[in-house]
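Chains, contacts and geometry: an overview
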Amino acid sequence: MDTIVSLAKRRGFVFQSSEIYGGLNGCWDYGPMGVEMLNNLKAQWWQHMTYRENVEGLDASILMHPRVWEASGHVENFTDPMVDCRQCKSRFRLDVLFEDISAKRKKDLLKEIEPEKFSARVSDEEIVAAFETAVADPSLAARMLAALPCPTCGNRSTFTDARRFNLMFKTFVGPVEDSSAVVFLRPETAQGIFVNFLNVQSAGRQKIPFGIAQIGKAFRNEINTKNFLFRTREFEQMEMQFFVKPGTDDHWFEYWRAERLAWFSSLGMKPEKLRWHRHEPGSLAHYAKDAYDIEYQFPFGWGEIEGIHNRTDYDLSRHEEFSGKSLKAQDESSKERFTPYVIETSAGASRSFMAFLIDAYHEDQAPTGEGTVETRVVLRLHPKLAPMKIAIFPLVNRDGMPEFARAIEKELRPSFRVFYDDSGAVGRRYRRQDEIGTPFCVTVDSQTLTDQTVTVRDRDSMAQERVSASQLRAYFIGRLL
Ligand code: GAP
């Protein structure tokens, strides 16, 4: 992970927010390469999800009427249990505190609270299962908490009882900061879609089944942020709500599951690094009939990058109840009115960005100019995600090569994100582009001046071919667009 975080900073993908002031926990800034790649990722999602006749786009506001969050259940349920250390005042999410303990430590803790049961030899899997059962039992969890040292100050028996903490950020509309002016920064983009269901349906002249897609920022006051972009306080979601007739929901659930997994693979994510995690009936969200996560194998373990949920008619029914407005649809043939079910696909743009970055990271052996080999770092990003598409180099800065290379740059720049580089040995220039994942490098050399051909070098194979300069644009259109 440290290698990725340091590459991300060095090459301008991701910086810590407010770094010169010591940073702001859980917030990150996308640098010149990062913003290009994130925009490419979002554009690919947008194209995949909305270039269909039955999905419309939306960009709803981040601040919404406070009743929205009462109707959605966020005011009541969007909470995490957390504990404070009385000694050093550090605050922890209860599940994260227990999650971060090693298998050996878990066994020791279980032995402390139930010596007769756990003194015998038991496997790590049995320990993990027993530990999860114990954590779910409030009295056993409290006894384990008492035995656990605080990760910050190391003191024991200093934790408070677990309390619920709402993850929504609050702010105020208007100049008076009283309770009637409280609004929330949205913790998910989905609610903007639900409350606009009828507007979009009538403006788009859509009939059930149809979907509404949206990309936007979401905010959660996570107690413990961790693992770079994985759990942050400000992040972007790419969500789509597909409204269907009850009874057809299982079919559409399977349809969107297949579509979404295929999307990650179509952009080059390694299939063996992706898996499904089905939510057990007991752990389903209060609104869900069925739910699967697409998980990616990060260096710190498997983690969710997208959730596919059958949200039933929960959201629309609740908004009907709280707003007093009908959000029903009509069956075309029977004229019967019904509240649609919703199949939701909810991906994190920021988390997917991190997964694509990690998946693309490779180290291999590359020849040097001196006839030896060296380790090169290469981001094997799908060309559609790569922040920079083509680099253009004059081999040397004389003999008319820079002028020729600049003419190529001028021709390609309106169609592609290109980078002109004339400094240092050409091998070093290749390495710099490999590190940011540029799929192609074009070099103008002495042969160019006689036959108007250039070398085009492929990032992954490092193979070079000569292409006529007049054919370059067409060559890249075929490979990059
Ligand atoms: N509307 C449903 C919903 O928001 P979720 O599972 O809470 O479901 C969906 O979030 C996706 O949003 C996750 O799969 C993840 O990619 C992303 N996400 C959620 N919380 C996040 C956080 N704190 N930091 C970064 N991404 C997050």
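Now for a quick tour of the structure.

Definitions and cut-offs
Residues numbered from 1 in each chain as written. Predicted model: local features only at pLDDT ≥ 70, side-chain atom pairs only at ≥ 80, totals over all residues. Heavy atoms only, no water. Core = buried A, V, L, I, M, F, W, Y, C linked by side-chain atoms within 4.5 Å. Buried < 20%, exposed > 50% of the residue type's maximum accessible area, 1.4 Å probe, protein only. Helix = DSSP H or I, 4+ residues; strand = E, 2+ residues; numbered from the N terminus. Contact = heavy atoms within 4.5 Å. Phe/Tyr/Trp six-rings, centres within 6.5 Å; stacked < 30°, edge-to-face > 60°. Pairing = 2+ DSSP bridges. Axes fitted to C-alpha atoms, helices over the stretch in contact; angles between N-to-C directions. Near = heavy atom within 4 Å. Polar contact = N/O pair within 3.5 Å; in protein donor to acceptor, adjacent residues only side chain to side chain. Areas by Shrake-Rupley, 256 points an atom, 1.4 Å probe, with all protein chains shown as cover. Nonpolar A, V, L, I, M, F, W, Y, C, P; charged D, E, K, R; others polar. Salt bridge = Lys/Arg side-chain N within 4 Å of Asp/Glu carboxyl O. Expected span 1.5 Å × (residues − 1). Parallel < 35°, antiparallel > 145°, perpendicular 65-115°, else oblique.

**Observations concerning the nonpolar core**
In a soluble, globular protein the nonpolar side chains are often hidden away together inside. Formed by 54 residues in total, the largest nonpolar core has its most connected members in Phe 13, Ile 305, Phe 353 and Phe 356. If you tally residues by element for this core, the top one is helix H14 (residues 349–360), at 8 residues. Contacts of Phe 356, omitting those with residues within four sequence positions, involve Met 37, Leu 41, Trp 263, Phe 264, Leu 267, Met 269, Leu 381 and Leu 385.

**Describing the packing of aromatic side chains**
A full pass over the atoms with the stated rule returns 27 aromatic pairs. Summarising the aromatic geometry, the rings of Tyr 287 and Tyr 314 are spaced 6.1 Å apart at their centres and angled 35° between planes, so their arrangement reads as tilted. Of this pair, Tyr 287 sits in the loop between strand E11 (274–278) and strand E12 (290–298) while Tyr 314 sits in helix H13 (residues 314–323), and the two are 27 residues apart along the sequence. For Tyr 314, a relative accessible area of 17% puts it in the buried group. Judged by centre distance (5.7 Å) and plane angle (55°), the rings of Phe 393 and Tyr 430 are tilted. Of the two residues, Phe 393 sits in strand E19 (residues 390–394) while Tyr 430 sits in helix H16 (residues 426–436), which places them 37 residues apart along the sequence. Here Phe 393 matches Tyr 430 in class, with each residue buried.

**Structural notes on the sheet that holds strand E3 (residues 55–58)**
Spatially, E3-E9-E10-E16-E13-E12-E11 is the arrangement adopted by the 7 strands of the open sheet, whose pairing is mixed. The sheet terminates laterally at E3 and E11, the two strands that pair on one side only. Across the sheet, the mean angle separating the axes of adjacent strands is 25° when strand polarity is ignored. Pairing of E11 with E12, which is carried by 5 bridges, proceeds in the antiparallel orientation. Residue pairing for E12: Leu 274 is matched across the bridge by Tyr 296. Relative to the sheet, helix H12 (residues 249–266) contacts E3, strand E10 (234–244), E11, E12, strand E13 (301–310) and strand E16 (341–348), its axis offset from that of E13 by approximately 145°.

**Section: the site of the ligand**
Of all residues adjacent to the ligand, which total 20 residues, the nearest are Glu 188, Glu 222, Thr 232, Glu 239 and Glu 304. Between a nitrogen atom of the ligand and a side-chain N or O atom of Glu 188, the distance comes to 2.6 Å. Taking 560 Å² as the accessible area of the ligand by itself, protein coverage stands at 91%. Those elements that place two or more of their residues in the shell around the ligand are E10, E13 and E16. Broken down by element, the shell around the ligand gets its largest block of residues, 4 residues, from E13. Each residue belonging to the shell around the ligand can be placed in one class, and the counts come to 5 nonpolar, 5 polar and 10 charged.

**A few points about the environment of Leu 327**
Turning to its location among the elements, Leu 327 is positioned in the loop between H13 and strand E14 (329–330). Considering only alpha carbons, one finds Leu 327 and Val 396, 69 residues apart in sequence, at a separation of 67 Å. Not counting chain neighbours up to four residues away, the residues in contact with Leu 327 comprise Phe 197, Leu 198, Leu 316, His 319, Glu 320 and Pro 340.

**Some points on the pattern of salt bridges**
Enumeration over the complete set of coordinates arrives at 38 salt bridges. Notably, a salt bridge pairs Asp 460 with Arg 380, separated by 3.6 Å at the nearest N-O pair. Taken as a pair, Asp 460 in the loop between strand E22 (453–458) and strand E23 (464–468) and Arg 380 in the loop between strand E18 (373–379) and E19 lie far apart in primary sequence, 80 residues in all. The structure contains a network of salt bridges with shared partners spanning Asp 364, Glu 374, Arg 376, Arg 380, Arg 431, Asp 434, Arg 457, Arg 459 and Asp 460.

**Focus: the environment of Gly 22**
Tracing the backbone shows Gly 22 in the loop between strand E1 (14–16) and strand E2 (28–30). Residues Gly 22 and Lys 117 lie 95 residues apart in sequence; the distance between their C-alpha atoms is 48 Å.

**Focus on the pairing of E13**
For E13, the tally of buried residues reaches 7 of 10 residues, placing the bulk of the element in the interior. With 9 bridges joining them, E12 and E13 adopt antiparallel strand pairing. Each residue of the ladder has a partner; that of Tyr 296, found in E13, is Gly 303. Between E12 and the antiparallel strand that follows it, E13, lie 2 residues. With 5 bridges connecting them, E13 and E16 associate as antiparallel partners. Each residue of the ladder has a partner; that of His 309, found in E16, is Glu 344.

**Details of H14**
Across its 12 residues, H14 extends 16 Å between first and last C-alpha, which sits within 8% of the 16 Å expected from 1.5 Å per residue. Burial analysis of H14 places 11 of its 12 residues in the buried class, the great majority of the element. For H14, the full list of buried residues reads Ala 349, Ser 350, Ser 352, Phe 353, Met 354, Ala 355, Phe 356, Leu 357, Ile 358, Asp 359 and Ala 360.

**Things to note about the packing of helix H2 (residues 32–50) against H14**
Across the interface, H2 lies against H14 with an axial gap of 10 Å and an inter-helix angle of 110°. One way to sum up the angle between H2 and H14 is to call them roughly perpendicular. Contacts between H2 and H14 pair Gly 34, Met 37, Leu 38, Leu 41 and Lys 42 from the former with Ala 349, Ser 352, Phe 353, Phe 356 and Leu 357 from the latter. When its residues are assigned to classes, the contact of H2 with H14 shows 7 nonpolar, 2 polar and 1 charged.

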